Amino acid sequence: MRRTAERTWIAVGVACLFVLVLGLNTLAAQQRIAIGTASTGGTWYPLGGGVANIINNHVKGYSASAHPSGASIENIRAVVKKQNALALSMPDTAFHAYNGLEAFKGNATKELRGLMSTFPIDIQFYTLARNEIRTIKDLKGKKVAVGAPGSGTEAMARYVLQVYGLTYDDFV
């Protein structure tokens, strides 16, 4: 009788261990991935959603979701803080983060890695046809929008203006 009780307890223990291991594998198999994008009105939000769908449909053990954010600089900072596993970023902003330049001055992020390139990102300047603006230097003394403060677009605009010898002090 005692031998049967011991066998029963061993069987129960093995069954509990099996259930525990199976449960841990299930939990580990569904690792959640947050993907930083940009505002919902731009192209990066749906692009991030597409990446999440690819992960959800083709990468076993992971559950991904894209969320709106302040874009490049905020996204890289969230990756560094491990708030996001993946993020979209302008290439120049990633370069700045890796090398500790611009918004990342003194904080080089050498562990940052690029996974893929999506499409070339250009900066565009627009004005009304009636304005006398024909070159970047003609922007001096005008009202200029350069992108959201702290965004990759703003950083790229500042860089382009700097190439032409302009700073924000040159604008109204």
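Here, the structure is the one placed above.
So, a few notes on the structure that sits alongside this text.

Conventions used here
Residues numbered from 1 in each chain as written. Predicted model: local features only at pLDDT ≥ 70, side-chain atom pairs only at ≥ 80, totals over all residues. Heavy atoms only, no water. Pairing = 2+ DSSP bridges. Helix = DSSP H or I, 4+ residues; strand = E, 2+ residues; numbered from the N terminus. Right-handed = clockwise from strand over helix to strand, strands pointing away. Salt bridge = Lys/Arg side-chain N within 4 Å of Asp/Glu carboxyl O. Buried < 20%, exposed > 50% of the residue type's maximum accessible area, 1.4 Å probe, protein only. Phe/Tyr/Trp six-rings, centres within 6.5 Å; stacked < 30°, edge-to-face > 60°. Lys NZ or Arg CZ within 6 Å of the ring centre and 35° of its normal. Axes fitted to C-alpha atoms, helices over the stretch in contact; angles between N-to-C directions. Parallel < 35°, antiparallel > 145°, perpendicular 65-115°, else oblique. Left-handed = near helix turned anticlockwise from the far one by under 90°. Contact = heavy atoms within 4.5 Å. Nonpolar A, V, L, I, M, F, W, Y, C, P; charged D, E, K, R; others polar.

**Quick look at the pairing of strand β2 (residues 62-67)**
Part 1: Where strand β1 (residues 31-36) and β2 come together, six bridges link them in parallel fashion. Within β2, the position partnered with A34 by the bridge is S65.
Part 2: In the classification by handedness, the crossover that spans β1, the intervening helix α2 (residues 44-58) and the parallel β2 is right-handed.

**Comments concerning the pattern of salt bridges**
Part 1: This structure, assessed with the given rule, holds two salt bridges.
Part 2: Residue E102 is joined to R158 by a salt bridge in which the shortest nitrogen-to-oxygen separation is 3.0 Å. With E102 in the loop between α4 (91-99) and α5 (152-163) and R158 in helix α5, this pair connects stretches of sequence that are 56 residues apart.
Part 3: For E102, a relative accessible area of 35% translates into the label partly exposed.
Part 4: Residue classification places R158 among the partly exposed positions, given a relative accessible area of 30%.

**Some remarks on the packing of aromatic side chains**
Part 1: Under the counting rule described, the total for this entry stands at zero aromatic pairs.
Part 2: Seen from the ring of F104, R77 lies directly overhead, with NZ or CZ sitting 5.4 Å from the centre.

**A short note on the packing of helix α3 (residues 72-80) against α4**
Part 1: Between α3 and α4, the least distance of the axes is 9 Å, while the angle of their chain directions is 45°. Relative to α4, the element α3 is oriented oblique. In this structure, α3 meets α4 at a crossing whose hand is right-handed. Residues S72, I73 and I76 of α3 form the contact with α4, whose participating residues are T93, A94 and A97.
Part 2: Looking at the contact of α3 with α4 residue by residue, the classes come out as four nonpolar, two polar and no charged.

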